[in-house]
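# What the coordinates show
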Amino acid sequence: MLKVSDIHVYYGAIHAIKGVSFEVNAGEVVTLIGANGAGKSTILNTVCGLLHPRSGSIEFLEKNLGGIPAHKIVELGMAHVPEGRRIFLQMSVEENLEMGAYTKSRTEKENMERVYEQFPRLKERRRQIAGTLSGGEQQMLAMGRGLMSNPRLLMLDEPSMGLAPILVEQIFEIIRRLHEAGTTILLVEQNAQMALSVADRGYVLETGKIVATGTGTELLDNEAVKKAYLGG
């Protein structure tokens with residue numbers, strides 16, 4: 001579904017991503033793990049068209065994304081739930097969800113019901129102003145908004161960031177359910193233990209390069225990964 005081939009990304013003179021290649025197959029959860037500043041969010045921002053690689057290529061559903069603007073990539077079936085949630089704080093829960101469906105007005109009601117099934121808490125709070133929600137509820141809203149376009153690929157950037165452990169468990173339970181329902185997910189996460197426990201496959205990033213890859217289970221058992229990311 002997604003094929004990233006040898007991309008190099010720069011911020012001015014800084015070489016942030018150095019020849020990264022990976023792929024995501026339909027129905028998989030694939031995770032990118034690594035320390036803060038390893039380049040994980042930069043990769044997601046490049047895949048969804050917010051940043052542009054200086055060289056290398058990105059293909060989504062066998063279409064080369066070179067030169068395609070970010071809003072057109074959304075229309076192709078990709079949704080990005082950014083780090084820090086970025087919900088519309090002054091708008092209601094339901095209005096935030098509607099903003100996620102701007103490419104899909106015909107199926108908006110259907111998708112809204114599906115999101116409310118996944119996130120019953122959002123249905124209870126649908127008239128509430130988003131800025132008054134708890135951190136966990138705001139993360140659910142950001143994920144729900146991403147799902148409103150009925151994406152072929154859902155990209156989640158640090159969904160557990162800043163959440164209490166019990167809420168982290170809830171968010172990952174939702175990711176498991178989405179996976180079981182057939183959603184393809186590319187997950188960027190600092191909580192390596194949780195990310196690898198839900199992932200089919202993972203890639204370990206260090207300073208803009210992939211240094212290890214394997215199934216979620218293989219990486220959980222990898223001594224170097226344990227030492228660096230799992231407190232082993």
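Description of the structure in this document.

What counts, and where the lines are drawn
- Residues numbered from 1 in each chain as written.
- Predicted model: local features only at pLDDT ≥ 70, side-chain atom pairs only at ≥ 80, totals over all residues.
- Heavy atoms only, no water.
- Pairing = 2+ DSSP bridges.
- Helix = DSSP H or I, 4+ residues; strand = E, 2+ residues; numbered from the N terminus.
- Salt bridge = Lys/Arg side-chain N within 4 Å of Asp/Glu carboxyl O.
- Buried < 20%, exposed > 50% of the residue type's maximum accessible area, 1.4 Å probe, protein only.
- Core = buried A, V, L, I, M, F, W, Y, C linked by side-chain atoms within 4.5 Å.
- Contact = heavy atoms within 4.5 Å.
- Axes fitted to C-alpha atoms, helices over the stretch in contact; angles between N-to-C directions.
- Left-handed = near helix turned anticlockwise from the far one by under 90°.
- Nonpolar A, V, L, I, M, F, W, Y, C, P; charged D, E, K, R; others polar.

### Some points on the sheet that holds strand S5 (residues 63-64)
With respect to topology, four strands assemble into an open sheet ordered S2-S1-S4-S5, the strand pairing being antiparallel. Where the open sheet ends on each side, the last strands, each with one partner, are strand S2 (14-24) and S5. Direction of pairing for strand S4 (residues 55-60) relative to S5: antiparallel, over a ladder of two bridges. Its bridge partner being in S5, Glu59 is matched across the sheet by Asn64.

### A short note on the pattern of salt bridges
Scanning the model with the defined rule gives ten salt bridges in all. When the shortest N-O distance is used, the salt bridge between Lys226 and Glu223 registers 3.6 Å. Of this pair, Lys226 and Glu223 both sit in helix H10 (residues 223-229), separated by three residues, roughly a single helical turn. When its relative accessible area of 27% is taken as the criterion, Lys226 is described as partly exposed. Judged by relative accessible area, Glu223 falls into the exposed class, the value being 56%. Overlapping salt bridges, with partners in common, bring together Arg121, Glu124, Arg125 and Glu137 in one network.

### What to know about the nonpolar core
Of all hydrophobic cores here, the largest spans 44 residues; its most connected members are Met143 and Ile175. In terms of residue count, helix H7 (residues 165-180) provides more of this core than any other element does, six residues in total. Aside from chain neighbours lying at most four places away, what touches Ile175 is Met143, Leu156, Pro159, Ile185, Leu187 and Val198. By size, the runner-up hydrophobic cluster in this structure holds 28 residues, among which are Val4, Ala38, Ile43 and Cys48.

### Overview of the environment of Arg152
When you line up the elements, Arg152 lands in the loop between helix H6 (135-147) and strand S7 (153-157). Distance from Arg152 to Ala79, taken between C-alpha atoms, is 8.1 Å for residues 73 residues apart in sequence. Those residues in contact with Arg152 that sit more than four places away from it in its chain are Met1, Phe60, Leu61, Gly77 and Thr184.

### A word on the packing of helix H3 (residues 93-100) against H6
Axis separation between H3 and H6 bottoms out at 7 Å; the angle between their running directions is 35 degrees. Classified by chirality, the crossing of H6 by H3 is right-handed. Seen from H3, the contacting residues are Val93, Asn96, Leu97 and Gly100; seen from H6, they are Leu141, Gly144 and Arg145. Looking at the contact of H3 with H6 residue by residue, the classes come out as three nonpolar, three polar and one charged.

### So, the sheet that holds S7
Read from one edge of the open sheet, six strands run S6-S7-S8-S3-S9-S10, paired in mixed fashion. This sheet does not close on itself; its edge strands, each paired only once, are strand S6 (78-81) and strand S10 (209-215). Neighbour-to-neighbour, the strand axes of this sheet turn through a mean angle of 15 degrees, independent of strand direction. As defined by bridge partners, S6 adjoins S7 across four bridges and the pair is classed as parallel. Its bridge partner being in S7, Ala79 is matched across the sheet by Leu154. Taken strand by strand, H6 contacts S6 and S7, and its axis lies near 170 degrees from that of S6.

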